[in-house]
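Residue-level listing of the chains:
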Amino acid sequence: HTWTKHCIQLKCQGIFHFDYSQASLITCPYNISPSAHSEITIEVIFKLDDNFDLTSTQGWIIGHDNGGYDRGLILSDQRFGGVGQGIGGTYKSGISTPSNGVWHHAISTYAQGTEKGTFVCIDGQCGTATTAHNNNGESTFTIGGLSNYKGHGIKGLVATVCVFPRAFDRTMAATAYALAQKEIQMIQVPDYDFALHGQEYRGSGDWIDNES
């Protein structure tokens, strides 16, 4: 496949660390609302800290929610059974929160209004397919938690976030997982934390528009 994608490859300057707080979020200037993209796929490579507590946070690692269960990637929200994605409401994906202390690959794919065209995957395991009826969220999205809601952040590291303006099927999700394995093996975590601490990421530097 040739996939147009928009990536923030955070490992270029070291891995970004998040500490549950809204102060550590990264804001990305890309609109993931259905009015901008009826189809979209979000890919994330991340590692939860050894002491990440899934009971203390809803764990929206990617999101732009403004009150409507908007698009994103969710790791520890029991309204979704653990892992999930905002679809204009809640549902059970069938995937539990991924383990602490190891790198994971995640896919959250959306096909607005398409029956069973929306699903989430962790490490190649894809959850229950559902139908998304999202309204628009914020016109930017955040990494590490939600800008509008406390108690939704993660504690851990994020190496890469990519947004593809199309919905993946399960074959494409499996291909993305396979391609990510080499990248995961090459990740080297620095001995310090690098974070933007609330500054807006304005699309220069590590934000890359390319094809792969």
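The coordinates are above.
Trainee: Looking at this model, I keep getting lost on the overall build of the protein chain. Mind explaining?
Mentor: When its secondary structure is counted, the protein chain shows one helix and 13 strands. Tracing the protein chain from N to C terminus, the helices and strands come up as β-β-β-β-β-β-β-β-β-β-β-β-α-β. Taking all 212 residues of the protein chain together, 54% fall into the buried category. Considering only residue pairs separated by 6 or more positions, the protein chain has 71% of its internal contacts joining residues 24 or more positions apart. Taken as a whole, the protein chain presents about 8900 Å² of accessible surface, with 46% of it coming from carbon and sulfur.

Trainee: I tried to follow the state of the cysteines on my own but got confused; where do I start?
Mentor: Enumeration according to the criterion identifies one disulfide in this entry. The disulfide partner of cysteine 121 is cysteine 126, and the gap between their sulfur atoms is 2.1 Å. The S-S bond linking cysteine 121 to cysteine 126 shows a torsion near 90 degrees; that makes this disulfide right-handed. Judged by its relative accessible area of 3%, cysteine 121 is buried.

Trainee: Explanation requested: unusual backbone geometry in the structure shown.
Mentor: The general pattern is negative phi for most residues beyond glycine and trans for most peptide bonds. Positive phi is not limited to glycine here, since tyrosine 20 has a value of about 80 degrees. Counting through the fold element by element, tyrosine 20 comes out in the loop between β2 (16–19) and β3 (26–28). Phi is positive for aspartate 123, which is not a glycine, with a value near 50 degrees. With respect to the element layout, aspartate 123 can be found in the loop between β9 (119–122) and β10 (125–126). Accessibility expressed as a relative area gives 27% for aspartate 123, which makes it partly exposed.

Trainee: Explanation requested: helix α1 (residues 170–186) in the structure shown.
Mentor: In an α-helix, one full turn covers 3.6 residues, which means residues spaced three or four apart are oriented alike. Taking 1.5 Å per residue as the helical rise, α1 with its 17 residues ought to reach 24 Å, and the 25 Å between its terminal C-alpha atoms agrees with that figure. Of all the bends found along α1, the most pronounced is centred on alanine 180 and spans about 30 degrees. Three or more residues of α1 are buried, namely Met172, Ala173, Ala176, Ala180 and Ile184. Where α1 begins, one side-chain oxygen reaches toward the backbone nitrogen of threonine 171, 3.2 Å away; that side chain belongs to aspartate 169.

Trainee: So what exactly am I meant to see when it comes to the packing of aromatic side chains here?
Mentor: What characterises a pair of aromatic rings is the spacing of the ring centres plus the angle enclosed by the ring planes. Counted according to the given criterion, the structure contains five aromatic pairs. Consider the rings of tryptophan 60 and phenylalanine 80, whose centres lie 6.2 Å apart with planes at 80 degrees: the pair is edge-to-face. Taken together, the positions of tryptophan 60 in strand β5 (residues 60–63) and phenylalanine 80 in the loop between β6 (72–77) and β7 (82–84) put the pair 20 residues apart, joining distant regions of the chain. The same class applies to tryptophan 60 and to phenylalanine 80, which are both buried. Measuring from ring centre to ring centre gives 6.2 Å for tyrosine 69 and phenylalanine 80, while their planes differ by 65 degrees; the resulting arrangement is edge-to-face. With a gap of eleven residues between them, tyrosine 69 in the loop between β5 and β6 and phenylalanine 80 in the loop between β6 and β7 connect regions that are remote in the sequence. Residue classification places tyrosine 69 among the partly exposed residues on the basis of a relative accessible area of 28%. Counting every residue linked through ring pairs, the aromatic cluster contains Trp60, Tyr69, Phe80 and Tyr91.

The rules behind these values
Counting starts from 1 at the beginning of each chain's written sequence and moves along it residue by residue. Totals for whole chains, interfaces and linings use all residues, but because this is a predicted model, local features are given only for residues with pLDDT of at least 70 and pairs of side-chain atoms are given and counted only at 80 or more. Think of the side-chain values as coming from all heavy atoms in the structure, minus any hydrogens and water. Secondary structure follows DSSP: runs of H or I at least 4 residues long count as helices, runs of E at least 2 residues long count as strands, and numbering of each begins at the N terminus. Under the scheme applied here, a residue whose accessible area is under 20% of the maximum for its type counts as buried, over 50% as exposed, and between as partly exposed, the area being computed with a 1.4 Å probe on protein chains only. Note on contacts: a residue pair is in contact if any heavy atoms of the two residues lie within 4.5 Å. All accessibility values rest on the Shrake-Rupley procedure with a 1.4 Å probe; residue burial counts only the protein chains present in the view. Whenever a pair of cysteine sulfur atoms sits within 2.5 Å, that pair is classed as a disulfide. By this rule the span expected of a helix is its residue count minus one, scaled by 1.5 Å. What we call the bend at a residue is the angle made by axes fitted to the seven residues finishing there and the seven residues starting there. Contacts described as polar in this section are N or O atom pairs within 3.5 Å, which, within protein, must combine one atom able to donate a hydrogen with one able to accept it, while residues neighboring in sequence count only if both atoms come from side chains. Two rings from Phe, Tyr or Trp (for Trp, the six-membered ring) form a pair when their centres are within 6.5 Å of each other. A pair whose planes differ by under 30 degrees is stacked, one over 60 is edge-to-face, and the rest are tilted.

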